[in-house]
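A look at the structure
Listed here are the chains, written in short residue letters.
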Amino acid sequence: MRESHQEDPDVAPHILCVTAHPDDAEIALGGAISAWCHAGLRLTVAVCSTSERSAAMSERRKNAAARAARILGHELTWVFPHDLRRVEDVTEHELVGRIDGLVRESGADAVLAHADCDSHADHRMVSRAVLASSRTWPDSALLSFGVSEPRTAAYTRFQPSIFIPVAGHLESKRAAIHEFHYDGKGYRDLDDDAMELRLRAMGSLCGVDAAEGLSLLRVVGQTRGARALAWLLRKVPDPSSDTANGVDSVRALDHRE
Ligand SMILES: [Zn+2]
């Protein structure tokens, strides 16, 4: 069956973003998620583990993820909702099976996941598991997003082939990430200024004010995945500017010296 499951081109597709931890999606794609969800896309972030040892701290991080989801507009689900296991405590076999089920149950038209060049071992585990799972959903597109940690040599190994303009969604991204900055957490606060510089640098590669990047791993023509990818690349509302928004700003490059 290669026909799209949703024939109406105006019905937004459903995107599933699979991450190792809360805040991974916000750091890699917070601007794009905000832009897509404000344009009517349905996007679910599926998080594997809070990586917290205590139930109380795990709950705090889950609550932060829920607040971040309200800011960006996505839905949130937990891959292993009833235990405190870290990603590296789960066998690859179990992880792949759970992702098989998630994609099947969600009916996702496209799946986004960590890149396999990530510097975090647990991010690479999720990347490999999603790749293995993709055998069961050939009609859905598969894309990867960039490395979270900019301070290792792995950061520049990720080469985006798709750029999403996010200049109008930097505030939402920052606000969503700040939900994870609470006392007692076991990780450092993100450097806002450095993050914005990286987004603006990526934008400079493609003629927009700021961008987030994705890499396309697979899409099959005439499938729901192809339709979802086209939707992700469509012009989306950008409150920052009347001109520097979405596909139009990329096309505007043709008219520059
Ligand atoms: Zn992570």
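Residues numbered from 1 in each chain as written. Predicted model: local features only at pLDDT ≥ 70, side-chain atom pairs only at ≥ 80, totals over all residues. Heavy atoms only, no water.

**Concerning helix H4 (residues 121–133)**
An α-helical segment advances 3.6 residues per turn. Residues three or four places apart therefore align on the same side. Cut-off, in case you're wondering: Numbering of helices and strands starts at the N terminus; helices are DSSP runs of H or I of at least 4 residues and strands are runs of E of at least 2. To estimate the expected span of a helix, subtract one from its residue number and multiply by 1.5 Å. Relative accessible area decides the class of each residue, using a 1.4 Å probe on protein chains only: under 20% of the type maximum gives buried, over 50% gives exposed, and in between gives partly exposed. Working rule for contacts: check all heavy atoms of both residues, and any pair within 4.5 Å makes them a contact.
Its 13 residues give H4 an end-to-end C-alpha distance of 18 Å, which sits within 8% of 18 Å, the value for a rise of 1.5 Å per residue. Among the residues making up H4, those that are buried are Asp-122, His-123, Met-125, Val-126, Ser-127, Ala-129, Val-130 and Ser-133. Those residues of H4 that are buried lie in contact with strand S1 (14–19), helix H1 (24–38), helix H3 (92–106), strand S4 (110–114) and strand S5 (141–145).

**Section: the packing of aromatic side chains**
To keep things clear, this is the line we draw: Only Phe, Tyr and Trp rings take part, Trp by its six-membered ring, and two of them pair if their centres are within 6.5 Å. Stacked means planes under 30 degrees apart, edge-to-face means over 60, and tilted covers everything else. As a reminder, the over-ring test applies to NZ of lysine and CZ of arginine, requiring each to be within 6 Å of the ring centre and within 35 degrees of the ring normal.
Applying the stated criterion to the full structure yields zero aromatic pairs. Positioned over the ring face of Trp-78 is Lys-62, at 5.1 Å from the centre of the ring.

**Quick notes on the sheet that holds strand S6 (residues 162–165)**
To keep things clear, this is the line we draw: In this analysis, strands are considered paired if DSSP registers two or more bridges between them. Every axis in this analysis is a line fitted to C-alpha atoms, fitted for helices over the stretch in contact. Angles between the N-to-C directions lie between 0 and 180 degrees.
Judged by pairing direction, the sheet is mixed, and its seven strands sit side by side in the order S3-S2-S1-S4-S5-S7-S6 without closing on themselves. Across the chains shown, the open sheet's two edge strands, defined by having one partner strand only, are strand S3 (75–78) and S6. Between one strand and the next, the sheet's axes are offset by a mean angle of 30°, whatever the strand orientation. Relative to strand S7 (residues 211–218), S6 is paired through four bridges, and the arrangement is antiparallel. Bridge assignment links Ile-164 to a residue of S7, and that residue is Glu-212. H1 contacts S1, strand S2 (42–47), S4, S5, S6 and S7 of the sheet and is inclined by roughly 95° relative to S7.

**Re the pairing of S2**
In the case of a regular strand, side chains alternate between the two sheet surfaces. The line we're drawing: Call a crossover right-handed when, viewed with both strands pointing away from you, the route from the first strand across the helix to the second goes clockwise.
Most of S2 sits out of view: five of its six residues are buried. Relative to S2, S1 is paired through six bridges, and the arrangement is parallel. Paired with His-14 across the bridge in S2 is Arg-42. For the crossover that starts at S1, traverses H1 and ends in the parallel S2, the hand is right-handed. With four bridges connecting them, S2 and S3 associate as parallel partners. In the sheet register, Thr-44 faces S3, and the bridge partner there is Glu-75.

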